[in-house]
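A closer look at the structure
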Amino acid sequence: MMRASSGTPPVTRVSETLAREWPALGIWILAVLGFGWQALSQEGAGQGLPALAVFALLMAAYMGSAFLPVEAARRWAGEDIRRVYGIPFALWFAGGLLEILRGLPTDPWALLGGLAFLAWPVALVLHNRAAWGPIPALVVLGTLALILIPGPLPGDPVGWAFRIGAGLWPLPLILGWPAAARPRAHLLYFGAILFVWYAVEFGRLPTLPLLRGGPSYFHLAAIPLFLWLMLLSGRFPDLGLTFRWTGRDLLAILVHLAGFAAFALPFGWLTGFLTPASTHPGLPEALLRLLAIYLFIALPEEILFRGALHVHLQRALGWPPLRTLLLSSLLFGLAHLNNPPKVGLYAVLATVAGFFYGRTYLQTGKVTTAAMVHALVDWVWGLLFSR
């Protein structure tokens, strides 16, 4: 059992933690109430309540990460291998339970695929070592092949380019180039990042609906899983996963939002990429949409691209922050090539947006502030424009 590092009474520690990270608790309450109300009104209590209970638990794991005593949690996990794999097995069990409670047909292969998705990246992180080696390189290459090769073939040249590019860009790091990066390659950790990212990106997750208007079960479960990987690897503090923002954080959000708008609006108008939307949602729906964008799109993407990928590339390559930011922003832009139509223009905008999101992260040290810039961009775009 996890032990405290001091003699402070548990009740006091809990109250101090809540006082420090109360916005995370507020976000959890808003998410459960907002999406729960929507689910119950659309599906009824019989189908909605089991899904809402599972959603509330997953969101507690997601938002509760902001409360983690990181070093104590890592020591606790390291004391027993069953604890390391306990999180992915708990997520897998909850998915199976949701299927039973909702009366969905059970697919053994989908269950096995869900378990593999949840457990394999944990195994990679658990066996990660800093130095490059041929066996870890082969393991990561095999992992990418299992994600990228199976499944239906792309139906257009952009789809082919997207899948081939996803396989090619990590190859230099996997093959140990540049040589100066080999002592700090952390290949299996890198492979775990790519595995979770690509499994979501290329639709390799089992199909298990959760709440209408929200992510599917495995898409949401991927977030606490990824945060668990960051904790096990010792990278969790890099995220700056806190919702307590200072005045300087708010100023950084506004400045970088305005900076991106100064580029995106003229670019969008001149290229015909942006046109005014003909309809607009009501205020409650618009606010719920902002919450959904922040929690299920912006924050997960910022955790991946800024908190995990940018930091890993900077450490592995030994580059300064700005140079690494340009690379990670380009990767962020290319990751949006599967968003038709006008994929080229979309990728350009996403690359520039990634630069401003990354600047927010580097200036504040918090992925949550970068995610707010990201969410506001997507939200305003969805409300006011169509493409």
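Numbering of residues begins from 1 in every chain and follows the order in which that chain's sequence is written. Restriction of local features to residues with pLDDT of at least 70 applies here, the model being predicted, together with a cutoff of 80 or more for giving and counting side-chain atom pairs; totals for whole chains, interfaces and linings are based on all residues. Excluded from the side-chain calculation are hydrogens and water; included are all heavy atoms of the structure.

**Considerations on the overall build of the protein**
Where we set the bar: Helix and strand definitions follow DSSP, with helices as H or I runs of at least four residues and strands as E runs of at least two, each counted in order from the N terminus. With C-alpha atoms as the basis for the radius of gyration, the globule rule is written as 2.2 Å multiplied by the number of residues raised to the power 0.38. Relative accessibility decides the category of a residue: with a 1.4 Å probe and only protein chains considered, values under 20% of the type maximum give buried, values over 50% give exposed, and everything between is partly exposed. By the convention used here, residues are in contact when the closest approach between their heavy atoms is within 4.5 Å. The method behind every accessible area is Shrake-Rupley, applied with a 1.4 Å probe, and residues are considered shielded solely by the protein chains displayed. Positive: Lys, Arg. Negative: Asp, Glu. His and the chain ends are not part of the count. Every charge is mapped to an atom, namely NZ of Lys, CZ of Arg, CG of Asp or CD of Glu.
Check the secondary structure of the protein and you find 15 helices and two strands. For the protein, whose C-alpha radius of gyration is 21 Å, the value lies close to the compact-globule estimate of 21 Å for 387 residues. When burial is assessed residue by residue, the protein has 49% of its 387 residues classed as buried. Sequence separation of 24 or more characterises 81% of the internal contacts of the protein that already satisfy a separation of 6 or more. Entry remark: accessible area of the protein is about 18,200 Å², with carbon and sulfur atoms responsible for 72%. One finds the centroid of the 25 positive side-chain charges in the protein at a distance of 7 Å from the centroid of its 16 negative side-chain charges.

**Re unusual backbone geometry**
Look at the link from Trp177 to Pro178: it is a cis peptide, with omega at 0 degrees. Locating Pro178 in the fold gives a position in the loop between α8 (171-174) and α9 (187-201).

**Some details on the nonpolar core**
Filter applied, for reference: By convention a nonpolar core is built from buried Ala, Val, Leu, Ile, Met, Phe, Trp, Tyr and Cys residues, the set being connected through side-chain atoms within 4.5 Å.
Phe55, Phe117, Leu210, Tyr217, Leu295 and Leu299 are the most contacted members of the largest nonpolar core, which totals 121 residues. Top element by residues in this core is helix α12 (residues 283-317). It accounts for 19 residues.

**Topic: the packing of aromatic side chains**
The relative placement of two aromatic rings is captured by the distance of their centres and the angle of their planes. We count it as follows: Only Phe, Tyr and Trp rings take part, Trp by its six-membered ring, and two of them pair if their centres are within 6.5 Å. Stacked means planes under 30 degrees apart, edge-to-face means over 60, and tilted covers everything else. Distance and angle both matter: a charge sits over a ring if NZ of Lys or CZ of Arg is within 6 Å of the ring centre and within 35 degrees of the ring normal.
In the structure shown here, the tally under the stated rule is 21 aromatic pairs. Centre to centre, the rings of Phe305 and Phe332 are 5.0 Å apart; their planes meet at 85 degrees, and the pair counts as edge-to-face. Highlighted residues: Phe305 in helix α12 and Phe332 in helix α13 (residues 321-334), separated in sequence by 27 residues. For Phe305, a relative accessible area of 3% corresponds to the buried category. Ring-pair connections join several aromatic residues into one group, and the members of that group are Phe162, Trp169, Phe190, Trp197, Tyr198, Phe202, Phe305, Phe332 and Tyr357. Its end group placed over the ring of Trp132, Arg182 keeps NZ or CZ at 4.3 Å from the ring centre.

**Concerning the side chain of Thr368**
As for its position among the elements, Thr368 is in helix α15 (residues 367-384). In this structure Thr368 comes out as buried when scored by relative accessible area, which is 0%. Excluding its chain neighbours within four sequence positions, the residues that come into contact with Thr368 are Gly240, Leu241, Thr242, Phe243, Trp245, Tyr294 and Leu299.

**Regarding the pattern of salt bridges**
As a reminder, the rule being used: By definition here, a salt bridge exists when the distance from a side-chain nitrogen of Lys or Arg to a carboxyl oxygen of Asp or Glu is within 4 Å.
Summed over the entire model, instances satisfying the criterion amount to six salt bridges. Glu79 serves as the salt-bridge partner of Arg83, at 2.9 Å between the closest nitrogen and oxygen. A relative accessible area of 21% means that Arg83 is categorised as partly exposed. Judged by its relative accessible area of 47%, Glu79 falls in the partly exposed class. Across the salt bridge formed by Arg289 and Glu285, the nearest N and O atoms sit 3.2 Å from each other. Linking Arg289 with Glu285, this pair stays in helix α12, spanning four residues, or about one helical turn. Taking the relative accessible area as the measure of exposure, Arg289 reaches 29% and is therefore partly exposed. Residue Glu285 is classed as partly exposed on the basis of its relative accessible area, which comes to 47%.

**Focus on a nonpolar patch on the surface**
In plain terms, the rule: Like-charged residues are merged into a patch within 9 Å and nonpolar side chains (Val, Leu, Ile, Met, Phe, Trp, Tyr) within 5 Å, provided each residue has over 30% relative accessible area and no salt bridge.
A cluster of nonpolar residues, Leu18, Leu25, Ile29 and Leu33, forms a patch on the protein surface that exposes about 330 Å² of accessible area. Ranked by residue count, the leading element in the nonpolar patch is helix α2 (residues 22-64), at three residues. Within the element layout of this structure, Leu25 appears in helix α2.

**Regarding the confidence of the model for the protein**
As a reminder of what qualifies: One number per residue, pLDDT, summarises how confident the predictor is, and it ranges from 0 to 100.
Per-residue confidence for the protein gives a mean pLDDT of 91, with 96% of residues at or over 70. Across residues 1-5 the pLDDT falls below 50, and counting only partners more than four positions away or on other chains, this stretch makes eight contacts in the model.

**As for the environment of Ala45**
Positionally, Ala45 belongs in helix α2. For the pair Ala45 and Pro206, spaced 161 residues apart in the sequence, the C-alpha separation amounts to 25 Å.

**Quick word on the side chain of Ser328**
Rule in force here: Each polar contact in these results corresponds to two N or O atoms within 3.5 Å; when the atoms are within protein, one needs to be able to donate a hydrogen and the other to accept it, and residues that are neighboring in sequence are counted only if both atoms are side-chain atoms.
Inspection of the secondary structure assignment puts Ser328 in helix α13. Of note is the side chain of Ser328, whose polar atom sits 3.2 Å from the backbone oxygen of Leu325.

**Here we look at the environment of Thr143**
On the secondary structure map, Thr143 appears in helix α6 (residues 134-148). Take Thr143: its relative accessible area is 3%, and that puts it in the buried class. The contact partners of Thr143, leaving out residues within four places of it in the chain, are Trp120, Leu124 and Phe195. Within the structure, Thr143 has its side chain in polar contact with the side chain of Trp120 (distance 3.1 Å).

**A few points about the packing of α2 against helix α4 (residues 81-101)**
Convention followed: All axes here are fitted lines through C-alpha atoms, helices being fitted over the stretch that makes contact, and every angle between N-to-C directions spans 0 to 180 degrees. When describing relative orientation, an angle under 35 degrees is termed roughly parallel and one over 145 degrees roughly antiparallel, while 65 to 115 degrees is termed roughly perpendicular and anything else oblique. Crossing handedness is defined as follows: a turn of the near helix away from the far one that is anticlockwise and smaller than a right angle gives a left-handed crossing, while the clockwise case is right-handed. Any residue that is not Ala, Val, Leu, Ile, Met, Phe, Trp, Tyr, Cys, Pro, Asp, Glu, Lys or Arg is counted as polar, Gly included; the first ten are nonpolar and the last four charged.
Contact pair α2 / α4: the axes reach a minimum separation of 9 Å and the direction vectors enclose 165 degrees. Between α2 and α4, the angle falls in the class roughly antiparallel. When the axes of α2 and α4 are compared, the crossing they make is left-handed. Residues Pro50, Ala51, Val54 and Leu58 of α2 form the contact with α4, whose participating residues are Leu91, Leu98 and Leu101. Split into classes, the residues belonging to the contact of α2 with α4 amount to seven nonpolar, no polar and no charged.

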